[in-house]
Amino acid sequence: MWRYGAGVVSALLLATAGVFLFRGSAQVEGPLPPPRPMSHAPAPLPPEPITVPSASPRTREQKRFDRYDKDRNGSVTREEYLASRRKAYARLDLDHDGQLSFEEWATRTTTKFAKADADRSAALNPAEFAATAVPRKPTVRCACPPAATEGDE
């Protein structure tokens, strides 16, 4: 029983010594001197007005229209409209016979499956399946407060 008492007393002594050591090292010798003023400080510039460019709702559609209008005549013909589809079809038609088989259509998917199936079990476990996820770009959202106007000051 006396061993328990001695252990408690020694633990209290160690804790007390730790408190005194901590307080002793945390003391500051005195206040810091103020910074010296700069003798050649430049005059402050007046704040420039903040102008935020406005985006019209047509901007995105206009860009899309411009991508399709290859000859820049202000109209999209059927051939211009189908040109992107023809390119996509040509990339998928691996044997270039003008016909798209299921195997040709599914080539990218089967390749992705084969790369993800690390243990070659012909089945994906949850970790392997997670490797097939499409990488997404993170959306950038500004957490800045709204700009102050002249009336807010």
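Right, let's walk through the structure included here.

Cut-offs applied
- Residues numbered from 1 in each chain as written.
- Predicted model: local features only at pLDDT ≥ 70, side-chain atom pairs only at ≥ 80, totals over all residues.
- Heavy atoms only, no water.
- Helix = DSSP H or I, 4+ residues; strand = E, 2+ residues; numbered from the N terminus.
- Buried < 20%, exposed > 50% of the residue type's maximum accessible area, 1.4 Å probe, protein only.
- Lys, Arg positive; Asp, Glu negative; His and termini not counted.
- Salt bridge = Lys/Arg side-chain N within 4 Å of Asp/Glu carboxyl O.
- Polar contact = N/O pair within 3.5 Å; in protein donor to acceptor, adjacent residues only side chain to side chain.
- Contact = heavy atoms within 4.5 Å.
- Phe/Tyr/Trp six-rings, centres within 6.5 Å; stacked < 30°, edge-to-face > 60°.

**Some remarks on the side chain of Glu80**
1) Next: Here Glu80 lies in helix 3 (residues 78-92).
2) Next: Although Glu80 lies buried, it forms no salt bridge, and the closest oppositely charged side chain, Arg72, sits 7.4 Å away as judged by the N-O distance.
3) Next: At a separation of 3.3 Å, a polar atom in the side chain of Glu80 contacts the main-chain amide nitrogen of Asp71.
4) Next: Once residues within four sequence positions are removed from consideration, Glu80 is found in contact with Tyr68, Asp69, Lys70, Asp71 and Ser75.

**Some words on the side chain of Glu104**
1) Next: Looking at where Glu104 falls in the secondary structure, it is placed in helix 4 (residues 102-105).
2) Next: For the buried Glu104, no salt bridge exists, and the shortest N-O distance to an oppositely charged side chain is 13 Å, to Arg91.
3) Next: Reaching out from Glu104, the side chain makes a polar contact with the backbone nitrogen of Ser101 at a distance of 3.0 Å.
4) Next: Aside from chain neighbours lying at most four places away, what touches Glu104 is Leu92, Asp93, Leu94, Asp95 and Gln99.

**Observations regarding the packing of aromatic side chains**
1) Next: One pass over the full model with this rule turns up 2 aromatic pairs.
2) Next: For the pair Tyr68 and Tyr81, a centre-to-centre distance of 5.4 Å together with 25 degrees between the ring planes defines the contact as stacked. Taken as a pair, Tyr68 in helix 2 (residues 58-68) and Tyr81 in helix 3 lie far apart in primary sequence, 13 residues in all.

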